[in-house]
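# Structural features, examined
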Amino acid sequence: QVQLVESGGGLVQPGGSLRLSCAVSGSIFSRYTMEWYRQAPGKQRELVARISSGGTTNYGDSVKGRFTIPRDNAKNTVYLQMNSLKPEDTAVYYCRAVWVYDYWGQGTQVTVSS
């Protein structure tokens, strides 16, 4: 059974940085496209960043130039490095693994506030 466990969320001041981690177990991590989504209260879940099994990355317009999505296949982990954080980045962040099927993590809260 594939499991995704996110960590690294918390409270940060505007302009600060956080790194989220998503550890995947139960399958061949390197074959998965990995994605980060976020959902703010009262809003739809949106795609933040994606990295394919081959390393191709895509970013949502609102985070381009501020966020990156590196992956470490040796550690079965994908990260979301978030820099220059803004209050509007406040949301629950979810990790998703996509290959034949897709799997979701439980989410981690990120709050950007002074």
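Structure shown above.
The sections below set out a description of the structure shown in this document. If you're wondering where the values come from, they're calculated on a predicted model, not measured in any experiment. (Residues numbered from 1 in each chain as written. Predicted model: local features only at pLDDT ≥ 70, side-chain atom pairs only at ≥ 80, totals over all residues. Heavy atoms only, no water.)

Let us look at the overall build of the protein chain. Scanning the protein chain from N- to C-terminus turns up zero helices and 12 strands. Ordering the α and β elements of the protein chain from the N terminus gives β-β-β-β-β-β-β-β-β-β-β-β. Compactness check: the protein chain gives a C-alpha radius of gyration of 13 Å against a globular reference of 13 Å for 114 residues, within 12% of the reference. Each principal axis of the C-alpha distribution contributes one length, and for the protein chain these read about 40 × 25 × 25 Å. Out of the 114 residues belonging to the protein chain, those deemed buried represent 39%. If you take every contact in the protein chain between residues at least 6 apart in sequence, the share linking residues at least 24 apart comes to 53%. Taken as a whole, the protein chain presents about 6,000 Å² of accessible surface, with 46% of it coming from carbon and sulfur. Taken as two groups, the 12 positive and 8 negative side-chain charges of the protein chain have centres that lie 3 Å from each other. (Helix = DSSP H or I, 4+ residues; strand = E, 2+ residues; numbered from the N terminus. Rg over C-alpha atoms; globule rule 2.2 N^0.38 Å. Buried < 20%, exposed > 50% of the residue type's maximum accessible area, 1.4 Å probe, protein only. Contact = heavy atoms within 4.5 Å. Areas by Shrake-Rupley, 256 points an atom, 1.4 Å probe, with all protein chains shown as cover. Lys, Arg positive; Asp, Glu negative; His and termini not counted. Charge placed at Lys NZ, Arg CZ, Asp CG, Glu CD.)

The next subject is the packing of aromatic side chains. In this description, an aromatic ring pair is defined by two values, namely the gap between the centres and the angle between the planes. Counted by the stated rule, this structure contains four aromatic pairs. Taken together, a centroid distance of 5.7 Å and an interplanar angle of 70° make the contact between Tyr32 and Trp99 edge-to-face. Of the two residues, Tyr32 is situated in the loop between strand 3 (18-25) and strand 4 (33-39) and Trp99 in the loop between strand 10 (91-98) and strand 11 (102-104); the sequence distance between them amounts to 67 residues. On the basis of relative accessible area, Tyr32 is assigned to the buried category, the value being 3%. Over the ring of Tyr94 we find Arg45; its NZ or CZ atom is 3.8 Å from the centre of that ring. Sitting over the face of the ring of Trp104, Arg45 holds its NZ or CZ atom 4.8 Å from the ring centroid. (Phe/Tyr/Trp six-rings, centres within 6.5 Å; stacked < 30°, edge-to-face > 60°. Lys NZ or Arg CZ within 6 Å of the ring centre and 35° of its normal.)

Quick look at the state of the cysteines now. According to the stated counting rule, one finds one disulfide in the structure shown. Disulfide pairing is shown between Cys22 and Cys95; the S-S distance is 2.1 Å. The sign of the S-S torsion, about -85°, decides the handedness of the disulfide formed by Cys22 and Cys95: left-handed. Placement of the pair is Cys22 in strand 3 and Cys95 in strand 10, with a sequence separation of 73 residues. Each member of the pair Cys22 and Cys95 is classed as buried. (Disulfide = S-S within 2.5 Å.)

Peptide bonds are mostly trans, and most non-glycine residues show a negative phi. A positive phi angle is found at Asn76, which is not glycine, with a value near 55°. Relative to the helices and strands, Asn76 is located in the loop between strand 8 (71-72) and strand 9 (77-82).

Counted according to the given criterion, the structure contains seven salt bridges. Here Arg50 makes a salt bridge to Glu35, at a shortest N to O gap of 2.7 Å. One end of the pair, Arg50, is in strand 5 (residues 46-51); the other, Glu35, is in strand 4, and 15 residues separate them in sequence. Arg66 is the partner of Asp89 in a salt bridge, and the nearest nitrogen-oxygen pair spans 2.8 Å. Of the two residues, Asp89 is situated in the loop between strand 9 and strand 10 and Arg66 in the loop between strand 6 (57-59) and strand 7 (67-68); the sequence distance between them amounts to 23 residues. Arg66 shares its class with Asp89; the two are buried. Taken together, the shared-partner salt bridges in this structure form one network comprising Glu35, Arg50, Arg96 and Asp102. (Salt bridge = Lys/Arg side-chain N within 4 Å of Asp/Glu carboxyl O.)

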